[in-house]
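Listed here are the chains, written in short residue letters.
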Amino acid sequence: MIAKGDTFPNFKYKDRQAGGFVTVDFNAEVKGQKVVVFGLPGAFTPTCSTYQLPGFDDLFTKFRDAGIDNIYCHSVNDPFVMNAWFEKHNVQSVRPLPDGNGDLAVQLGMMVRKTNLNFGSRCWRYALILDGSTGEVLDVFPEDGFGDNAESDPFEKSKPEAVLKWVMANLEG
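Residues numbered from 1 in each chain as written. Predicted model: local features only at pLDDT ≥ 70, side-chain atom pairs only at ≥ 80, totals over all residues. Heavy atoms only, no water.

## Considerations on the overall build of the protein chain
On a plain count of helices and strands, the protein chain comes out with six helices and nine strands. Rg of the C-alpha trace for the protein chain: 15 Å, near the compact-globule value of 16 Å for 173 residues, within the 12% margin. Judged by the C-alpha coordinates and their principal axes, the protein chain covers about 45 × 40 × 30 Å. Across the 173 residues in the protein chain, those meeting the buried criterion constitute 49%. (Helix = DSSP H or I, 4+ residues; strand = E, 2+ residues; numbered from the N terminus. Rg over C-alpha atoms; globule rule 2.2 N^0.38 Å. Buried < 20%, exposed > 50% of the residue type's maximum accessible area, 1.4 Å probe, protein only.)

Below is the structure:
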């Protein structure tokens, strides 16, 4: 699993923009920025839709005031699903990071099987702070209980409020 001090992996992904697919180089996109990346099991799922995605979107201004340039939502979903999910929830500030093949989840060491829920392979719930200037992961907040077919789906360490607290204590002023 990726850890504080590690280098964020190189990641390019396909996104659907302006009616066609484009290849996005995530590392180039965040160059010179401090960003939050948070990962979750899936679009349109209860905790992700009710608390995690809207929570980060609602707190975006506070994150920005504390030194974060952008926030990205990572999920093992294709861009069609991610974009529809963001539209359905009227997300204004958080950016989708679609990982349809699970490549980033694997590189981060966050891929787990959730076959007990009929989800297949998905991303474990986490958040991390990335310094895009250096590629260094400043800190990581994975949820407890990491593993395949976990019986619970914790949501404490990667909550927007918990991550914001870290950002305010470590990046601000």
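## Observations concerning the packing of aromatic side chains
The description of an aromatic ring pair rests on the distance of the ring centres and on the angle between the ring planes. As enumerated under the stated definition, the model contains ten aromatic pairs in all. Both rings, one in Phe 21 and one in Phe 80, keep their centres 5.7 Å apart while their planes meet at 90 degrees; by these two values the pair is edge-to-face. Residue Phe 21 is located in strand β2 (residues 20–25), and its partner Phe 80 is located in helix α4 (residues 79–88); the two are separated by 59 residues in the primary sequence. Classification of Phe 80 as partly exposed rests on a relative accessible area of 48%. An aromatic cluster of three or more residues is present, and its members are Phe 8, Phe 26 and Tyr 72. (Phe/Tyr/Trp six-rings, centres within 6.5 Å; stacked < 30°, edge-to-face > 60°.)

## What to know about the environment of Thr 50
In this structure, Thr 50 sits in helix α2 (residues 46–58). Judged by relative accessible area, which is 48%, Thr 50 ranks as partly exposed. It is 9.3 Å that separates the C-alpha atoms of Thr 50 and His 89, two residues lying 39 residues apart in sequence.

## Considerations on unusual backbone geometry
The phi angle of most residues is negative, glycine excepted, and most peptide bonds adopt the trans form. You will see that Asn 90, though not glycine, has its phi angle at about 50 degrees, which is positive. Structurally, Asn 90 can be placed in the loop between α4 and β5 (95–98). A positive phi is found at Asn 149, a non-glycine position, where the angle reads about 50 degrees. Along the chain, Asn 149 turns up in the loop between β9 (136–140) and α6 (160–170).

## Looking at the side chain of Asp 131
Mapped onto the secondary structure, Asp 131 falls in strand β8 (residues 126–131). In contact with Asp 131, other than residues within four places in its own chain, are Gln 33, Lys 34, Glu 136 and Leu 138. (Contact = heavy atoms within 4.5 Å.)

## Examining the pairing of strand β1 (residues 12–17)
Sheet topology places β1 next to β2; six bridges connect them, and they run antiparallel. Looking at the pairing, Lys 14 lines up with Thr 23 of β2. In this antiparallel pair of consecutive strands, β1 and β2, the connection spans two residues, and Ala 18 shows a positive phi of 50 degrees. (Pairing = 2+ DSSP bridges.)

## Digging into the pattern of salt bridges
Following the criterion strictly, the structure yields six salt bridges and no others. Across the pair Lys 34 and Asp 131 runs a salt bridge, and its minimum N-O distance is 3.9 Å. With Lys 34 in strand β3 (residues 34–40) and Asp 131 in strand β8, the pair connects residues that are 97 residues apart, well separated along the chain. When its relative accessible area of 27% is taken as the criterion, Lys 34 is described as partly exposed. Note that Asp 144 is salt-bridged to Lys 157, the shortest N-O span being 2.7 Å. (Salt bridge = Lys/Arg side-chain N within 4 Å of Asp/Glu carboxyl O.)

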